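This is what each chain is made of:
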Amino acid sequence: MSIQENYRILAAAVAAAAKRADRDPEEVLLLAVTKSVDLPQVQELYDLGVRHFAENREPELLRKTAAMPDDIVWHFIGPLQSNKVRKVVKNAQVIHALDSIALIERVDRICGEENRHPDVMLEVNVSGETSKGGFTVSEAAGAAKVAANCKNIHFVGLMTMAPNHAEEAVLHQVFGGLAALRDQLEKDLGLSLPVLSMGMSGDFASAIACGATIVRIGTALFV
């Protein structure tokens, strides 16, 4: 099948998962992760009307933002190294994975210098896997307070990753755990955190059932 056919099938699957969860399909963004493909494949999706794309490495983000139309909303979803912050801030409108207080503060400062105001999320390691980055659940409130007090970034929500090939019960524990944490932070800190970035090609239906508003799909798009 073509990339465009894959996208249509996946978009329908995302919508169906939302409906099964008694949610409006418009609440869930299918984010096209293009880290493994080149410009012609990105262009195919653009021609279909897709406008939200994601990269996880700064060189690819810069290369693709320079080559593609300006009306694309670029998401940076990978680990953000401190020496890459300025280039990412200048090229991405959404940053998914802030994982330390020092990084939050650095991103905010550089955003002020560059007059940029991206939406940002805090990465939370709900599963507790040592191979994954992010704040622990117990650290999240402190990090959220810092992010909420920043002047140049828009703190909009949380992001997580589930274990690879996890059982359904584990997926619901991780994704449901992030949703519950978001609800608690909203209540305790008086915040509005509408965005939950969770779920990828193999587990997006479970994530949507738990409240995901962004699902990050790459592998299934480009098979």
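Conventions used here
- Residues numbered from 1 in each chain as written.
- Predicted model: local features only at pLDDT ≥ 70, side-chain atom pairs only at ≥ 80, totals over all residues.
- Heavy atoms only, no water.
- Helix = DSSP H or I, 4+ residues; strand = E, 2+ residues; numbered from the N terminus.
- Rg over C-alpha atoms; globule rule 2.2 N^0.38 Å.
- Buried < 20%, exposed > 50% of the residue type's maximum accessible area, 1.4 Å probe, protein only.
- Phe/Tyr/Trp six-rings, centres within 6.5 Å; stacked < 30°, edge-to-face > 60°.
- Lys NZ or Arg CZ within 6 Å of the ring centre and 35° of its normal.
- Axes fitted to C-alpha atoms, helices over the stretch in contact; angles between N-to-C directions.
- Parallel < 35°, antiparallel > 145°, perpendicular 65-115°, else oblique.
- Contact = heavy atoms within 4.5 Å.
- Nonpolar A, V, L, I, M, F, W, Y, C, P; charged D, E, K, R; others polar.
- Core = buried A, V, L, I, M, F, W, Y, C linked by side-chain atoms within 4.5 Å.
- Pairing = 2+ DSSP bridges.
- Right-handed = clockwise from strand over helix to strand, strands pointing away.

The subject of this paragraph is the overall build of the protein. Across its full length, the protein holds eight helices and eight strands. Its C-alpha atoms give the protein a radius of gyration of 17 Å, within 12% of the compact-globule value 17 Å for 223 residues. A principal-axis box enclosing the C-alpha atoms of the protein has dimensions of 45 × 40 × 30 Å. For the protein, the proportion of its 223 residues judged to be buried stands at 47%.

A ring pair, where both rings are aromatic, is described by two values, the distance of the centres and the angle of the planes. Enumeration over the complete set of coordinates arrives at one aromatic pair. Their ring planes at 35 degrees and their centres at 5.7 Å tell us that Phe53 and Trp74 sit as a pair that is tilted. Taken together, the residues Phe53 in strand S2 (residues 52-55) and Trp74 in strand S3 (residues 73-76) connect sequence positions 21 residues apart. For the pair Phe53 and Trp74, one class covers both residues: buried. Cation over ring: Arg51 sits above Tyr46, and NZ or CZ is 3.6 Å from the ring centre.

Here the focus is the packing of helix H5 (residues 101-114) against helix H6 (residues 140-148). Where H5 contacts H6, the axes come no closer than 10 Å and their chain directions differ by 10 degrees. Here H6 runs roughly parallel to H5, going by the angle between their axes. Seen from H5, the contacting residues are Ile101, Ile104 and Glu105; seen from H6, they are Ala143, Val146 and Ala147. Broken down by class, the residue content of the contact of H5 with H6 amounts to five nonpolar, no polar and one charged.

Moving on to the environment of Phe222. Looking at where Phe222 falls in the secondary structure, it is placed in the segment after strand S8 (214-217). Classification of Phe222 as buried rests on a relative accessible area of 17%. In this structure the C-alpha to C-alpha distance between Phe222 and Met1, which are 221 residues apart in sequence, comes to 9.4 Å. In contact with Phe222, not counting residues within four places along its chain, are Ile3, Asn6, Val33, Thr34, Ser36, Val37, Gln41 and Leu45.

The next point concerns the nonpolar core. With 64 residues, the main nonpolar core has Val107 and Leu122 as its most contacted residues. Sorting elements by how many residues they give to this core places helix H7 (residues 168-189) first, with seven residues. With sequence-adjacent residues up to four places away left out, Leu122 is seen in contact with His96, Leu98, Ile104, Phe135, Ala140, Ala143, Ala144, Ala147, Phe155, Gly157, Leu158 and Met159. In this structure, Val33, Ile77, Val94 and Ala97 belong to the second largest nonpolar core, which totals eleven residues.

The next thing to look at is the environment of Arg106. Here Arg106 shows up in helix H5. Other than its neighbours up to four places away in sequence, Arg106 contacts Ser82 and Val85.

Turning our attention to the side chain of Glu60. With respect to the helices and strands, Glu60 occurs in helix H3 (residues 58-67). In this structure, Glu60 is in contact with Val37 and Glu55, ignoring residues within four places of it in sequence.

Of all five residues making up strand S1 (residues 29-33), four are buried, and the element is well covered by its neighbours. With two bridges joining them, S1 and S2 adopt parallel strand pairing. Paired with Val33 across the two strands is Ala54, which belongs to S2. For the crossover from S1 across helix H2 (residues 39-48) to S2, the handedness is right-handed.

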